[in-house]
Each structure stands twice: as C-alpha cells, then as structure tokens.
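Analysis of the macromolecular model
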Amino acid sequence: MPLYYDDDQTMLAETASQFMGEEGSIKNQLRHWRDRDCKDGFGHGLWKQFAEMGFTGMLVDEDDGGLGMGQVEAGIVLEEIGRNLTPSPFLSSSVLAATALKHGSNDVKGRWLPDLISGDKVYAMAIDEGPKHRPERIATRAEKSGNGFRLSGKKDFVVYGASSEMIVVAARTSGSDDDKDGITLFAVPQDASGMSHDSVRLVDSSMASHVSFDNVELDGDAVIGEVDGGRAILDAVLMAGRVGSAAEGVGVARGAMDMTVDYIKQRKQFGRLIGEFQALQHRAAHLYSEVEIARAVTVKAAQLVDGGSEKAELMTSVAKAKVAKAAGLAVREGVQMHGGIGMTDEYDIGLYMKRDRALQEFLGDQYYHAGRVAELSGY
Amino acid sequence: MSDSDLEAFRAETRQWLEANCPLEMREPVRDEEDVYWGGRNASFKNDAQKAWFEACRQKGYTVPEWPKEYGGAGLTPAQGKVLRQEMAAINARPPLSSFGIWMLGPALLHFGTEGQKQRFLNEIANGEIRWCQGYSEPGSGSDLVSMQTFGEDKGDHWVVNGQKIWTSYADEADWIFCLVRTDKDNKYQGITFMLFDMASDGVSTKPIKLISGNSPFCETFMDDVTVPKSYGEDIPGYVGEINRGWDVAKYLLGHEREMISATGGGDRATSLGAVASRQGALDPVLRAEIAMFDVDALAYTAMSEKFMDELKSGKGHPAQPNMMKYAGTELNKRRNELVMAAGGSHALEWESEASNGGKAARGWLRTKANSIEGGTSEVMLNVISKRILDLPGA
C-alpha cells in the first residue's frame, strides 16, 4: 500500500477540508462557543452536521449502521479538525467510544451505536487517574454486586464528560492496581446514581471532567466485552485514540505553520519583509521538515493499525511522540515569529498553542511514548 | 497491477531470494570490502559476494527498475518496492553499489540518447564500468556554478584543463562524468556534462585524507585531457546538450540528495537503543536521549517510504529531496554522536581489532561530511525556504 491517499481518501480529505474550513472554522466554532462561555465546549448543531456528513459513525462497522472505515479515514477528518481547531466530541465519541463499543455484544451495540451515528448523543471515555496518562495502572474498582457491579473510584481528564450521555469506564474487576489483567470496560449512562462530575474548562477552552464514582450500581448489561477481558479492548481503544490524536496534532501543526509562513511573507520591519531574513527562513524550513515527517509517520501508523500489523503499537507511539515534538515546535515558533501580536487573544496563533498543549497530554505525551518506544524496542 | 498480482510477485520474490541470496550476504555491511563496486579492476571478496552479484545481474536486479533492454528487470515502482521490502526483511546486501546506478544512470535515462543508454546503462548494470563524479572544485563548493575547469573546443573534441575535488573513489574509478565549462561568458548556460575515461592521458588523482583517517575522496587533475565529442554512432561524449550541462547537474543533484538521504541514515529501521543497550546498561538520561532519537529515526523511515512512493508516482514536490537530504543527514550525525556516547572509551579505539579498526570513531567522523557533501544543510534550508515555502528573496 503506498504511503499517500488513494482517490477515495483524497476526496474525503477535500470534503472534510471544505466542511471544517467553513462550518468548523475558528470564528464559527471555537471563538463562538468560548466567548459565550458554553458549558459544553462544543456546538451540538455542528455535531449533527458531522452526523449528516457521515463522520460520526465512520469507524462503526457497516453491519452496525456505520461506514466501516479505518484510522486513515478518521485521521483525515481529525487533521482538518486540528487545522481549524474545531471543538467536537469526534475523538472521544467517534474514535474512542466507538472503538470500545465495537467489542461489545449485539445488545450493547444496539443500545448505544444508533444514537452515536445519528449525532443525537455523544459519549466519553474515562481512562486516566491522576494528572498524567498511565493506563497500566487502574485503581477504579467494580465489585460484583448481585447480577451486576458496584463501581467506585475517580477518573480524570474525561473530555466532554459532563456533556456525554454515556461514559466508557475502564475499571478493575480483579487483581491489584498494577496488574495487566483484571480490567473490564463498562458503559455507564449519564443518569447513573452515584456518578458526579467536576467539570472544568481547560487551557484550550475544551471541557473535561473529574468524575467520581461512589458505589455506582451497574447491571450486567453495562459490561463491554468480557468481564476481566477489558485490557485487550482498552489497548485497541488507546491505539485508535493515539493515532487519531496524532492526526489532529498534525492538523494543529500545519495550521500553525501555514499561518506563520503567511505572516512572515507580509510583515515588514527595517523596510523588508521579515520572511527575507535567513534567521527566520532556516527555522521555517526546519519546521516544515519536522511537520512533513510527523505527517508521514502518522499516516503510516494509521495504515498499520488498519492492517492489524504487529508493528502498529510501536509506530503509533512513534507517531504520537513525533507529532508532539513537531506540533510543539510549530506553535512555539508560530508565536515567536508573530512577535507581539502573537501574544494577543485577538490573533489565532495563540489558540493553536493552547490546543497543542491539551493534545500533548491526551493519551500520553512525547515522554510517555518515547518511553514506550524504548520498551517495545527492548531497552 | 492488482494487489493479488503484487502478492504473487512478493511470494515469487521471497522464493527467489531464498534460493539465490547466500547467507553471508544477509549480514550487515561491516567494512569497505563488503561493498561490491564493480569496474575493470574489481575483485570479489569471496564466492558468496560473487554468486549474489551474478544471480542479481542475470535477473536484472542490480538495477531492478531499469528497462530490460538496458540491463534492468523492468519492474514497476510497486514491484520495486516489494523487492526492496523483501530484501530488507532478510537484510540482503546490495549486490552492486555504484555512482553509475545512483547518479549517471538516472541522468542517462532522462537525458541520454538511445546509443548512450544501450552502451553505458548496460555497462553499469553489469558492473563493468565504475564511474566517479566530477563536480566540486577547490573554489566552488556550495557555489558550484562558479566552477572554472575549462574545455577548449577543438572541433571533434575538447581539450580539458582544471581541477576537481571531492571526487569519490576517483582513484578506483574507470570513467568520470564531469562538469566542464565550455563558455566562459555564460555562467549557467556555459557548462557541458562530459563523459570520459579516467585512463585518458593527462588525468591524475590524489586521495584526500579525512579526519576519519580514511580517503574516500580524491583531488582529480586534468592536464590537456582530450575528450571526444562522440564515442560512435549516437553516443555523444556528453549528456544532454553542449552548454546545457547545468540542467543535467541540477537533475542529478536531486538524485544525489535522494541517495544520501536513503543511505546516509544507516540502519534506521533498527532501533539504536536496542543495539546500544547490548553493551551494558545505559545511563537513564542517555537512554532517554536515545529513545527520543529512535522516535525521530523511526518517523523518518515512514517519511522515506512516503517520499519514495510519491517520487515513483510523480506526486511529490520537486524540491522534496532537499528536505529529505537535510533531515536524513542531520539524523545520521545525531545517531553517531549517540553511538559514541553509548560506546564510551571503547568507541574511542582507533586501530584495535576489538573496535574493528576504529569503526565507531571513524564512522562518527565520516558522518560529519553528510551535511556538507551534495549540498550543505544550510543550502538545503535555503532551497526549502525558496522553492517549497515560497519565502521572499531567499
């Protein structure tokens, strides 16, 4: 398979680019909802449009009413989301939760998937416990209780958690906190008694919850997959989410870079365009190189995930780390090369810096993933 | 070609490699003798090297994607990729390395006459003639077009005088493709891309000893060298048109940059950390640095794959080789810095048997040239600025 888009993918990219550039633009979405202090952090109208475009269920199997596409296609949409900083629950609902639900029984799928595909409901994913991503350790517990379970614990960084009709929760059903096995995934409905949200606004204007589970009673139907068999599903969810957030990061990097390169072609100082100065040219060219490489490895990782390759896990971590490095560089150089105006809220470049910061932390930063690359490579 | 045809080709290729690639040829290249360059004076290191070369030559696999009539196997880009993947999977060494394959060949395929292709491409594919490249001059490094070596027109031949520098393996090469000024009044359109025998009267070479202690490059002197304008029917002694050699040179520089970016990174598919940690536990901060390097190096393998895919399908940006060259060579320098750090005092050994003749230290020093030869990193960044980012006045 060549490492560029085929005709269908190219068409999807054009469609997504146009849609996100218009409907999902910074002015129409991010600034619009932020300036109105929207408690959801995204627009439900736009989410319905996502559904009309077929984006919401793109990863859902055709048999279950979706489009049966893969990570490459989801990445195409996410890259455009990144370029336009479009706030949406696409990553949490249509990538993370949808990937988890793929492993559910027909009953579980039937209960949750139709509303996801139609855009009527959004779902979230609860993994992290503490400020850093460390999914190897899961302390939130679900004890057997009658025919069901009783869930107790705390989750952090549950993106759009308070606005979600259901949260997929990774909990421990056996073993100790650091065990690999003994994990079960649960579909916890919004109205579950004993679940409470402390919903906070993050630096990038998105919303995330600290979620507390205080003896939340769940029936057996809430289980996704097998009891104690959740680690493999969680790994699949993490892989999809990481390669997806890498794709969004590529979009953030490209958006920031394009804006900056355009700016230095227009801004004049000392009677010259600042883009004429070699001090800026070489930095811009280096940035271009880094962003190109990050983009290539992200598409590669997505292809490997879609192909079920044994290298998918390694290259997904490579992609997540590489994108973090490249996008971080793009936003830092972006603000610096914009000069004073880059520090103003009025100018968009700072918004890229904020989104990049949040995306860096989502599902593991460059340090976490470089560490994984080392472990997976045997050192 | 359909996916199933391609998979059939893969299976066939795997079988062919299994049957024809000797086990000794599936080991990493350890020293210069492990590389077969071909040429009039070539000799094989051992029977395995010879058997592998012969098998590939007969199959057209020294230049798999060249047309069959010029000694190749006529593979499609997709088939070529499959062959490369399958060779990489068993660590097969290249059967033949040469500047003819990497540089002159692509130039002839693009600019050459039918007669030139028939003669020179077949000689290259069969490993009969080893070529070297005469571009840089002592006063013309990054500013290549300022070169002075002059060919005086004598009707059916030129008389060439001047000096080239950094001619790779000129002391072992049979023929040279050489940029020669043929019009002193026209800077860009006054250069001819000549082909001549290194055994011609008036050609002499002198190896240049590098900081690595090795001498892969020479100075090449031309003192009243006669270069015929024709070597026979439809075989001009120059490529492209007279006074238009700069077009060929520019095209070739692109190929040189591809080549350096493709080979310059060493064995990037292998994790540096996995290799380095075999010698003992890594300091935690060094381990972290190496992990960050491995992220960049593995990401670059994907970029290389994408670059090659786009190149073969004509999709890539024409200036993209400059980006590849910049990123690949900078990465290789970083890799070798880390190899030295991981190796500690053992890596300092310059001549001992244990160090394989100072392989680590000499290799480390050699990589410093990667970001100078074939266009410096700074020139690459200039080209990206101007041609890709379209920045003003660059």
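Not measured: the values here are computed from a predicted model. (Residues numbered from 1 in each chain as written. Chains lettered and ligands numbered in written order. Predicted model: local features only at pLDDT ≥ 70, side-chain atom pairs only at ≥ 80, totals over all residues.)

Description of the overall build of chain A
What chain A contains, in helices and strands, is eleven helices and ten strands. Taking 2.2 N^0.38 as the reference for a compact globule, 379 residues should give roughly 21 Å; the C-alpha atoms of chain A span a radius of gyration of 21 Å, in line with that estimate. Viewed in the frame of its principal axes, chain A has a C-alpha envelope of about 80 × 50 × 40 Å. Of all 379 residues assigned to chain A, the portion counted as buried reaches 55%. A separation of at least 24 residues holds for 75% of the contacts in chain A among residues at least 6 apart in sequence. (Helix = DSSP H or I, 4+ residues; strand = E, 2+ residues; numbered from the N terminus. Rg over C-alpha atoms; globule rule 2.2 N^0.38 Å. Buried ≥ 20, exposed ≤ 12 C-beta atoms within 10 Å, placed from the backbone. Contact = placed C-beta atoms within 7 Å.)

Considerations on the nonpolar core
All names here are of chain A. Membership of the largest hydrophobic core comes to 160 residues, with the highest contact counts inside it found for Val168, Phe186, Ala253, Val297, Ala301 and Val318. Considering each element in turn, this core owes the most residues, 16 residues, to helix H7 (residues 230-264). In contact with Ala253, not counting residues within four places along its chain, are Val291, Ala294, Val323, Ala326, Ala327 and Ala330. (Core = buried A, V, L, I, M, F, W, Y, C linked by C-beta atoms within 7 Å.)

Quick notes on the domain arrangement of chain B
Residue and element names in this part refer to chain B. Along its sequence, chain B is organised into domain 1 (3-97), domain 2 (130-243) and domain 3 (264-388). Summarising the inter-unit geometry, the C-alpha centres of domain 2 and domain 3 are found 31 Å apart. The interface is formed by six residues belonging to domain 2 together with six residues belonging to domain 3. (Domains from an automatic or database assignment.)

A short note on the pairing of strand S1 (residues 123-126) of chain A
Residue and element names in this part refer to chain A. The side-chain alternation of S1 yields two buried faces, one formed by Tyr123 and Met125 and the other by Ala124 and Ala126. As paired elements, S1 and strand S4 (residues 166-172) share four bridges and run parallel to each other. Its bridge partner being in S4, Ala126 is matched across the sheet by Val169. (Pairing = 2+ DSSP bridges.)

Focus: H7(A)
For H7(A), spanning 35 residues, the distance from its first C-alpha to its last is 50 Å, which sits close to the expected 51 Å at 1.5 Å a residue. When you tally the buried positions in H7(A), you get 28 out of 35 residues, the bulk of the element. (Expected span 1.5 Å × (residues − 1).)

Things to note about the interface of chain A and chain B
Listed by partner, the interface residues are 32 residues for chain A and 33 residues for chain B. Sorting the residues of the side of chain A that touches chain B by element identifies helix H8 (278-306), helix H9 (312-338) and helix H11 (366-376) of chain A as the ones contributing at least two each.

Thoughts on the environment of A:Phe270
By the secondary structure assignment, A:Phe270 is in the loop between strand S9 (268-269) and strand S10 (272-273). Linking A:Phe270 and A:Lys109, residues 161 residues apart in sequence, is a C-alpha distance of 63 Å.

Observations concerning the packing of helix H1 (residues 7-22) of chain A against helix H4 (residues 71-84) of chain A
Residues and elements named next belong to chain A. Close contact between H1 and H4 brings their axes to 9 Å; oriented N to C, the two are set at 25°. On the basis of the axis angle, H1 is roughly parallel to H4. Of the two elements, H1 crosses H4, and the hand of that crossing is right-handed. Taken together, the residues of H4 that come into contact with H1 (itself represented by Gln9, Leu12, Ala13, Ala16, Ser17, Met20 and Gly21) are Val72, Glu73, Ile76, Val77, Glu80, Ile81, Arg83 and Asn84. Grouping the amino acids of the contact of H1 with H4 by side-chain chemistry returns eight nonpolar, four polar and three charged. (Axes fitted to C-alpha atoms, helices over the stretch in contact; angles between N-to-C directions. Parallel < 35°, antiparallel > 145°, perpendicular 65-115°, else oblique. Left-handed = near helix turned anticlockwise from the far one by under 90°. Nonpolar A, V, L, I, M, F, W, Y, C, P; charged D, E, K, R; others polar.)

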